[in-house]
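Here's the letter readout for the chains.
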Amino acid sequence: MTQEPILTLRLRPAEGPLDYDLNLLATTAQGLANRRAPRVIVENPLSEARPHDTGTAWQWIDRFTQPGEWLAGRRVEPLETVAHLVARLGREVKGVVIFDPAVPATSNTAVTLAAREGLAVTGPDGHAWLTGLDLDLPVMHDLRGRFTTKSEAIRWMIETLIEGRTDLRMMSYVLDAWRRSHGGSEDGMDVEGMDYVIALGGVAFDLTPWGDEAPVDDPAQPPGDGLRLWHRLFRAAALAREGEPPLEVTGFPFWRYKYSNYGEAGGRRLPHEAEWEAIWQMSPYGVFLNPLIAPNMSFHRYGPLPRGLTQRVPPEPPPLANKTYICLHLGDFDGGYGVYRRLPVLWSDPRRGEMPLGWGVNPNLARNYPDIVAWTFARTTPNDHLWADASSAGYVNPNRLLEPPPDLPMRDTPIALWRRFCRHWYERLDYTISPMVLDQHLPRPEVLDAFADFSPGGAAWLIENRRGETVAPLKPHLWRGMPVARLHDLSYAKSDAELADWMLKYAENDSPDRPAFHLYRFEWKPPSLIFDTVREVQRRAAPREWLALHPRQWFELLKRHLAQ
């Protein structure tokens, strides 16, 4: 029996607003095609051109169509234009929803409506283009003139498309059509994840996490109205997915355009504060973030994830001595973008395996890109160890899972749902350690109990309070046999040359008469650069010996030290 070909489309840039409309049309049509089988791959050439990104659709498809891989034998059929894709899918695309550029928020409302009804989405320019090509796609919903404000469009979406549901599987925190009307380019990231929303019947939204400032895209909005809508949305979403697993939210606050003080984004806070506030506001509802938009999840989610995956077991750690024991964590693969786009170039570093290195690949990504996770697993060296990044199986503030809204009726608590979810994915990928738990307060006993359950090999916290509160430093200790440590974040280094300075700075108060333990996090750095930095630190720290240990060795030795 001949297998159906894989249809691939490399989008071609179009002029002005039509580019956005055709991107959205292609990715939402792709989501429809991939609802029941992996059939269509779409790539935006702007995405390929992002600095430092080497993971492209074509590379992954080339890997997985090789003999012995899951797509072996599938013929790849390139399509020339969006028109060819629409024509090829035929009746699978029953019709379109047209959003209203005068109210950019309606693009997400349109995507949510299309996801419920099995439709594609485009804007007025895209519809005119379809009409000019005589492509018979009926307009099932035209949102032009339906709403006058962002709040109105989102309120209607919540009331009509979310409240009362019991089948919601995911949401996407994604920039709406704002940049279509206001210039700029997000390199397709605000569109290329919409295939996943359509395929899973999800929800797309773009709301401010701040309650004390009007967003730049709705300046007449009453103070706090955006945050009130936020809580209404997440309450409805939590009830629509009442039970297991916790609700997945893909995406990120697009701070280049909104909710921060970057450029003309119109906010008062620094860009990274929008991220921290968004996590703070969503965590009480028992959801987790899969950060940043990534393409073709609707296709790759069908890839196989072998049973019985196991991590390589390192030798016993060395005996404790008055040395500095360090562990190296290469992070920011907690979301689909990092694994799909950034991992390939770093993984191909010719010096990978030269020193022990932990790779922060969140285990829940095995739901989105099981083939990529399995491919990575199969190619580890004895010095490569896969473990989680922020914060475990999904990005949350764990303490906030203990603070669900009092009027949210659920059969189980958010922390119980999250704990079971993490245990499942940690066991599935043989994860035992959580090296980067992000929160704004010291972990509460209930949180430590949860980690001791699914992460018995150890956990390390990065605590940054953004609420103006003073928080005491975390003291390394044992909790039910689990070593609890601090994580040193090296993203504060302004250049690669400063990395060694920061590593030494974090160790400047160490006692010369005791063992010292330091866990360092590098973000999207080549292994060769990390290893050179360690050698520079070892040179400058002499005669004190600094030893880089395998992640499991490091936490086991820390455990023995804390038990003394």
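Presented here is a report on the structure given in the accompanying data block. On a predicted model such as this, the values are computed, not experimentally measured, just so you know.

Rules used throughout
Residues numbered from 1 in each chain as written. Predicted model: local features only at pLDDT ≥ 70, side-chain atom pairs only at ≥ 80, totals over all residues. Heavy atoms only, no water. Helix = DSSP H or I, 4+ residues; strand = E, 2+ residues; numbered from the N terminus. Rg over C-alpha atoms; globule rule 2.2 N^0.38 Å. Buried < 20%, exposed > 50% of the residue type's maximum accessible area, 1.4 Å probe, protein only. Contact = heavy atoms within 4.5 Å. Axes fitted to C-alpha atoms, helices over the stretch in contact; angles between N-to-C directions. Parallel < 35°, antiparallel > 145°, perpendicular 65-115°, else oblique. Salt bridge = Lys/Arg side-chain N within 4 Å of Asp/Glu carboxyl O. Phe/Tyr/Trp six-rings, centres within 6.5 Å; stacked < 30°, edge-to-face > 60°. Pairing = 2+ DSSP bridges. Expected span 1.5 Å × (residues − 1). Arc of directions from axis to C-beta.

**Focus on the overall build of the protein**
When you go through the protein residue by residue, the secondary structure sums to 20 helices and 19 strands. By the compact-globule yardstick of 24 Å for 564 residues, the protein fits well, its C-alpha radius of gyration being 24 Å. Taken along its principal axes, the extent of the C-alpha atoms in the protein is 80 × 55 × 45 Å. The buried share of the protein, taken over its 564 residues, is 61%. Residue pairs in contact within the protein that sit at least 24 positions apart in sequence constitute 83% of those at least 6 positions apart.

**A word on unusual backbone geometry**
In this structure, Ser391 follows Ala390 across a cis peptide bond, with omega equal to -20°. Within the secondary structure layout, Ser391 lies in the loop between strand 13 (384–387) and helix 16 (414–428). In the segment running from Ala542 into Pro543, the intervening peptide bond is cis, with an omega of 10°. Among the structural elements, Pro543 can be located in the loop between helix 19 (527–541) and strand 19 (546–548). One non-glycine residue, Asp134, lies in the positive phi region at around 60°. Non-glycine residue Arg480 carries a positive phi angle of around 50°. Its place among the elements puts Arg480 in the loop between strand 16 (477–479) and strand 17 (482–489). Its relative accessible area of 56% is what places Arg480 among the exposed residues.

**With respect to the packing of helix 1 (residues 17–33) against helix 6 (residues 124–132)**
The contact between helix 1 and helix 6 brings their axes to 7 Å, and the two run at 75°. Judged on the interaxial angle alone, helix 6 and helix 1 are roughly perpendicular. In this structure, helix 1 contributes Pro17, Leu18, Asp21, Leu22 and Leu25 to the contact, and helix 6 contributes Pro124, Asp125, Gly126, Trp129 and Leu130.

**Overview of the environment of Leu549**
One can find Leu549 in the loop between strand 19 and helix 20 (551–563). For Leu549, a relative accessible area of 5% translates into the label buried. Linking Leu549 and Asn383, residues 166 residues apart in sequence, is a C-alpha distance of 9.1 Å. The contact partners of Leu549, leaving out residues within four places of it in the chain, are Pro318, Tyr325, Ile326, Cys327, Pro356, Trp554 and Leu557.

**A look at the pattern of salt bridges**
Enumeration over the complete set of coordinates arrives at 50 salt bridges. Put simply, Asp167 and Arg165 hold a salt bridge, and the shortest N to O gap is 2.9 Å. Taking the relative accessible area as the measure of exposure, Asp167 reaches 44% and is therefore partly exposed. The salt bridge involving Asp449 is made with Arg480; its shortest N-O contact spans 3.4 Å. One end of the pair, Asp449, is in helix 17 (residues 445–454); the other, Arg480, is in the loop between strand 16 and strand 17, with 31 residues separating them in the sequence. Residue class for Asp449 comes out partly exposed when judged on its relative accessible area of 23%. It is possible to trace a salt-bridge network through shared partners that takes in Lys150, Asp176, Asp206, Asp217 and Lys258.

**Overview of the packing of aromatic side chains**
Each aromatic ring pair is summarised here by two numbers: the centre-to-centre distance and the angle between the ring planes. The tally for this structure, following the rule as stated, stands at 31 aromatic pairs. Aromatic pair Tyr173 and Phe205: ring centres 4.8 Å apart, planes at 15°, arrangement stacked. With Tyr173 in strand 7 (residues 170–173) and Phe205 in strand 8 (residues 203–205), this pair connects stretches of sequence that are 32 residues apart. Tyr173 sits in the buried class, given a relative accessible area of 1%. Between Trp347 and Trp359, the ring centres sit 4.7 Å apart and the planes meet at 70°, which makes this aromatic pair edge-to-face.

**Focus: the sheet that holds strand 1 (residues 6–10)**
An order of 2-1-3 is seen for the 3 strands of this open sheet, with the pairing classed as parallel. At either margin of the open sheet sits one strand with a lone partner, and together these are strand 2 (40–43) and strand 3 (76–79). On average, each strand axis in the sheet is tilted by 25° relative to the strand beside it, whichever way the strands run. With 4 bridges connecting them, strand 1 and strand 2 associate as parallel partners. Bridge pairing links Leu9 to Val42 in strand 2.

**Overview of the pairing of strand 7**
Taking every second residue as pointing to the same face, both faces of strand 7 are buried, with Met170 and Ser172 on one and Met171 and Tyr173 on the other. Pairing analysis gives 4 bridges linking strand 7 to strand 9 (residues 247–251), with the strands arranged parallel. Counted as the bridge partner of Tyr173 is Gly251 from strand 9. Pairing between strand 7 and strand 8: 3 bridges, direction parallel. For Met171, the partnering residue across the bridge sits in strand 8 and is Val203.

**Notes on helix 7 (residues 150–162)**
Because each turn of an α-helix spans 3.6 residues, side chains separated by three or four positions in sequence point in the same direction. For helix 7, which comprises 13 residues, the first-to-last C-alpha distance of 17 Å matches the rise-based estimate of 18 Å (1.5 Å per residue) to within 8%. Along helix 7, the residues that are buried comprise Lys150, Ser151, Ala153, Ile154, Met157, Ile158, Leu161 and Ile162. One face of helix 7 carries all of its buried residues, which in axial projection span an arc of 165°. Residue Gly164 follows helix 7 closely and has a positive phi angle near 95°.

All we've got here are geometric facts, nothing functional implied.
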